[in-house]
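Structure at a glance
The primary structure of each chain is shown beneath.
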Amino acid sequence: MKELVEVIAKSLVDFPDEVVVKETVNEKTIVLELSVAKTDMGKVIGKQGRIARAIRSVVKAAASKEDKKVVVEIVQ
């Protein structure tokens, strides 16, 4: 899942070298924290959060195939 979020985020931003995804595994969930350059934050979130919602939907669909729960958080 971590690689999927990295690929999606790097394709959206101007500074792909600054994309960092941290993965934290809890008992039942996997938390992915996505951080990008400050200037690219709007590109990852999108108008009214549409792009962020789309990223979460894609990751959720991929995670359901593996029968896991994944949460994507966008942090600064």
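Predicted, not measured: the structure shown is a model, and the values here were computed from it.

The rules behind each value
Residues numbered from 1 in each chain as written. Predicted model: local features only at pLDDT ≥ 70, side-chain atom pairs only at ≥ 80, totals over all residues. Heavy atoms only, no water. Helix = DSSP H or I, 4+ residues; strand = E, 2+ residues; numbered from the N terminus. Buried < 20%, exposed > 50% of the residue type's maximum accessible area, 1.4 Å probe, protein only. Core = buried A, V, L, I, M, F, W, Y, C linked by side-chain atoms within 4.5 Å. Contact = heavy atoms within 4.5 Å. Pairing = 2+ DSSP bridges. Arc of directions from axis to C-beta.

A closer look at unusual backbone geometry
Positive phi, close to 55°, is recorded for Gln-48, a residue that is not glycine. Of note, Gln-48 is situated in the loop between helix H2 (41-45) and helix H3 (50-65). For Gln-48, a relative accessible area of 65% gives the class exposed. One non-glycine residue with positive phi stands out, namely Asp-67, at about 60°.

Structural notes on the nonpolar core
If you look at the biggest cluster of nonpolar residues, it comprises 18 residues, and the most contacted ones within it are Val-5, Leu-32, Leu-34, Val-36, Val-59 and Val-70. Sorting the residues of this core by element identifies helix H1 (2-12), strand E2 (29-35), H2, H3 and strand E3 (69-75) as the ones contributing at least two each. If sequence neighbours within four positions are ignored, Val-5 has contacts with Val-21, Leu-32, Leu-34, Val-59 and Val-72.

Regarding the pairing of E2
Within E2, 6 of the 7 residues are buried, which leaves the element mostly enclosed by the surrounding structure. For strand E1 (residues 20-25) and E2, the ladder comprises 6 bridges, and the chain directions are antiparallel. Across the sheet, the residue bridging to Thr-24 is Val-31, located in E2. Pairing of E2 with E3 involves 7 bridges; the strand directions are parallel. In the sheet register, Ile-30 faces E3, and the bridge partner there is Val-70.

Describing H1
Buried within H1 are the following residues: Val-5, Ile-8 and Ala-9. The arc that holds the buried residues of H1, viewed along the axis, is 95°, so those residues lie on one side. Opposite the buried face of H1, at more than 90 degrees from it, the exposed residues are Glu-3, Val-7 and Ser-11. Buried-residue contacts for H1 involve E1, E2, H3 and E3.

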